[in-house]
There are 2 protein chains.
Amino acid sequence: MRYIDEQAIERITLGATLLGTGGGGDPYIGKMMALQAVRRYGPVALVAADELSRDELVVPISMIGAPTVLWEKIPSGREMVKILELMEAHLGKRAAAVMPIEIGGVNSLIPIAVAAEKSLPVVDADAMGRAFPEAQMVSFYLDGLVPNPVTMADEKGNTVLFHPVDAVWSERLARSLTVQMGASAAMSDYALTAGQVLTSGILGTLSLAEEVGRLILEARRENRSPVQDLLDTLHGFRLFTGKISDVTRRLEGGFTKGEAILEALTGKTGESLSLYFQNEYLLAASGDRILASTPDLIVALDADVGTPITSDRLKYGMRVDILAFPAPPKWRTPKGIEVAGPRYFGYDVDYVPVEHRVAAAAQ
Amino acid sequence: MRYIDEQAIERITLGATLLGTGGGGDPYIGKMMALQAVRRYGPVALVAADELSRDELVVPISMIGAPTVLWEKIPSGREMVKILELMEAHLGKRAAAVMPIEIGGVNSLIPIAVAAEKSLPVVDADAMGRAFPEAQMVSFYLDGLVPNPVTMADEKGNTVLFHPVDAVWSERLARSLTVQMGASAAMSDYALTAGQVLTSGILGTLSLAEEVGRLILEARRENRSPVQDLLDTLHGFRLFTGKISDVTRRLEGGFTKGEAILEALTGKTGESLSLYFQNEYLLAASGDRILASTPDLIVALDADVGTPITSDRLKYGMRVDILAFPAPPKWRTPKGIEVAGPRYFGYDVDYVPVEHRVAAAAQ
């Protein structure tokens, strides 16, 4: 066990932006909420899942909805605490800890704010190991767990508790409630025992986010690129370094879908990379050759200052490094690929692990 | 206290069709469910609200959604019982009785089916005294009561319990969940004490529906029109008798909106009536002169056999009597008119009680 303080929140924010793989929502609002809570209530204990008793209750805390709305409709924080209290009241059991359901983006920070206010530890784990856009894209669903129940609350005071038949129904019902609630809401699903988190969660990801943030900050202080450190730590690959020559975006089914074209910086004229995103970066290709795809993590870094760039900030002329990292093993199973592989998102390509794609390309 | 048997269900069905004022959903499916339950579990006790102890729990049972969908997706009945059980579990109290939230249409019958299965009485009251299309159009809302909580269930096994800040939010959240659940779902809101039902309900309406049905059946047996008996019992007015010369319909915001034009049967050529509906009949006008409007009840009866005709069955050439009946007093208050008067439905006219309109027209 150790404590998350203000400096740790800064590092986690930067790491969560990278692990958000272009989406997950700008963590800035989450950072502000977590900082404010820690300043008011003191640092938050970060515990490993195996530091809890196996039957203790762990409750994930998250926001659902359009991340951009958070800027116009800043959560009061009250709704985040409310979803925890509803869960506890329904289960007749106090939570021993909270956890993030998603480590990428804003949802990595929000549980820290709730943990501070409720004097609870936060578990060093999540259920994605990155960011994904839909509620069923969680390792708990891959393991056949049913969200039972789901709690939701909005800043107006509406609260909802529901028992969906599975996580796909959880996504469907929660998404439509979120639209009514003004495009964002607080949501807790998959209240679990610590033993279930240990088996079915993706472990150590808050620490991983913090380490990623630390590497980026350290490189920045030393005025060098963090790329090699990140590749070493996350066992990843640099796919491309180039300048953005075109970005197209369209709103489709609640996603910002689009494509960025990068041209190589070096002399190799004609070499280019296409980066496809639906909030998250989902596919990187050079001509007909796929370089990486979801569920593996694809990340864009500002080539000058090493800061991760979300897909909504991509613009013409930016110099970026495109990196790819292997997804956690649960995502590389047939079920994981069915739930969050390229075909689910409408790309007509098979999933091939990024390390195989890179090895094949090198031949 | 008396019992609802199979014959009473037949009468209630006919009366509920009339009180549905053209909408409320064809009660046939509800009749089948109620008949089946009564055949299996025996007749259902019908009690007045003041026959219960004031603090006993009364739970309304209803379907929400597009009535036509019930034909394609017949409720299993299980979801109707489930919403009652969810309510009881949440409140930690057993229901002493169920009740209809709406007396017009299918929702007058469904509580009878649940009452039979659960061996509970049904309260002789509802919260509309007719049919209305939205969940906040209930006398409980007019009296400032908050649905706390609302329970919902679908035939797939999804269940929801929510605490809306008011009945308008109840409508908004329940409607969007209903769309996801496949356009119809079971819903219980406003679990109340018998004392609250006594104060804020519209009393005696199941008996009224049955009496209306009895009058129609009696007239049919005697091969005469039920119109005069209905006018006497419901203190109403015959607005027009004519032949339908035109019907236009359009789907708009989940409603079937439209207008029927009737031409007088008698020699008075040129005399005509326009009947505006949004599922329910909401406005009757002759030229510029408004004859009746919501919240007063407007009803179309087949002029030949005395059967009430729902707005989806109106067609060219039908001979119909158009009747109007005063709404229950709670709907004639400023709040009642704001919630369900003509302006709420988009008609740019003031509400004037039907008896005043008829008196003015007679001068």
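Residues numbered from 1 in each chain as written. Chains lettered and ligands numbered in written order. Predicted model: local features only at pLDDT ≥ 70, side-chain atom pairs only at ≥ 80, totals over all residues. Heavy atoms only, no water.

Chemist: What is the right way to look at the sheet that holds strand β15 (residues 280-286) of chain B in this model?
Modeler: Adjacent strands of a sheet pair through backbone hydrogen bonds, lying either parallel or antiparallel. Residue and element names in this part refer to chain B. Within the open sheet, the seven strands sit side by side as β16-β15-β14-β13-β12-β18-β17. Their pairing is antiparallel. Looking along the sheet, the strands with just one partner apiece sit at the ends: β16 (289-293) and β17 (297-302). The average undirected angle you get between the axes of adjacent strands in this sheet is 35 degrees. Alignment of strand β12 (residues 237-252) against strand β13 (residues 255-264), held across ten bridges, turns out to be antiparallel. Of the residues in β13, the one forming a bridge with arginine 249 is glycine 258. (Pairing = 2+ DSSP bridges. Helix = DSSP H or I, 4+ residues; strand = E, 2+ residues; numbered from the N terminus. Axes fitted to C-alpha atoms, helices over the stretch in contact; angles between N-to-C directions.)

Chemist: Looking at this model, I keep getting lost on helix α6 (residues 167-180) of chain A. Mind explaining?
Modeler: Side chains of residues three or four places apart in an α-helix project in the same direction, reflecting 3.6 residues per turn. Residue and element names in this part refer to chain A. Over its 14 residues, α6 extends 20 Å from the first C-alpha to the last, a length consistent with the 20 Å expected when each residue adds 1.5 Å. Taken together, the buried positions of α6 are occupied by Ala167, Trp169, Ser170, Glu171, Leu173, Ala174, Ser176, Leu177 and Thr178. Measuring from the backbone nitrogen of valine 168 back to the side-chain oxygen at the start of α6 gives 3.0 Å, which picks out aspartate 166 as the cap. Looking one or two residues past α6, glycine 182 carries a phi angle of roughly 100 degrees, positive in sign. (Expected span 1.5 Å × (residues − 1). Buried < 20%, exposed > 50% of the residue type's maximum accessible area, 1.4 Å probe, protein only. Polar contact = N/O pair within 3.5 Å; in protein donor to acceptor, adjacent residues only side chain to side chain.)

Chemist: What is the right way to read the side chain of threonine 310 of chain B from this model?
Modeler: Residue and element names in this part refer to chain B. Following the sequence through the fold, threonine 310 ends up in the loop between β17 and β18 (319-325). Exposure remark for threonine 310: the relative accessible area of 8% places this residue in the buried category. Within the local environment of threonine 310, its side chain forms a polar contact with the side chain of aspartate 312, the two groups lying 2.6 Å apart. Sequence-distant contacts of threonine 310, defined by excluding residues within four places in its chain, comprise Thr17, Gly22 and Tyr281. (Contact = heavy atoms within 4.5 Å.)

Chemist: Got a minute to help me understand the domain arrangement of chain A in this structure?
Modeler: It is common to report an interface's size as the accessible area lost on association of the parts. All names here are of chain A. Domain assignment breaks chain A into domain 1 (2-205) and domain 2 (226-362). Measuring from the centre of the C-alpha atoms in domain 1 to the corresponding centre in domain 2 gives 26 Å. Between domain 1 and domain 2, the contact holds 29 residues from the first and 29 residues from the second. Buried surface at the junction of domain 1 and domain 2, summed over both partners, amounts to about 2,200 Å²; 70% is from carbon and sulfur atoms. Summed over the shared surface of domain 1 and domain 2, the result is ten residue pairs in polar contact (both at pLDDT 80 or more). For the side of domain 1 that touches domain 2, the secondary-structure elements that each account for two or more residues are α1 (6-19), α5 (139-142) and α7 (194-200). Broken down by element, the side of domain 1 that touches domain 2 gets its largest block of residues, four residues, from α1. Among the residues making up the side of domain 1 that touches domain 2, the classes are represented as 13 nonpolar, twelve polar and four charged. (Domains from an automatic or database assignment. Buried area = accessible area lost by both parts, 1.4 Å probe. Nonpolar A, V, L, I, M, F, W, Y, C, P; charged D, E, K, R; others polar.)

Chemist: Can you help me understand the relation of the copies chain B and chain A in this one?
Modeler: Related by rotation about an axis and a shift along that axis, the two copies of the chain form a pair. Superposition of chain B onto chain A requires a rotation of 180 degrees combined with a translation of 0.0 Å along the rotation axis, giving an RMSD of 0.0 Å. This pairing of chains is accounted for by a two-fold axis. Taking C-alpha positions as the reference, the residue of chain B nearest the rotation axis is leucine 161 of chain B, at 2.5 Å. A shared interface surface links the copies, since 100% of the contact residues of chain B are contact residues in chain A too. (Least-squares fit on C-alpha atoms with pLDDT ≥ 70 in both.)

Chemist: Got a minute to help me understand the side chain of aspartate 124 of chain A in this structure?
Modeler: Residue and element names in this part refer to chain A. Residue placement: aspartate 124 occurs in the loop between β5 (122-123) and β6 (125-126). Of the side chains with opposite charge, arginine 2 comes closest to the buried, unpaired aspartate 124, at an N-O distance of 5.2 Å. If sequence neighbours within four positions are ignored, aspartate 124 has contacts with Leu46, Val47, Ala48, Leu203, Gly204, Thr205, Leu206 and Ser207. (Lys, Arg positive; Asp, Glu negative; His and termini not counted. Salt bridge = Lys/Arg side-chain N within 4 Å of Asp/Glu carboxyl O.)

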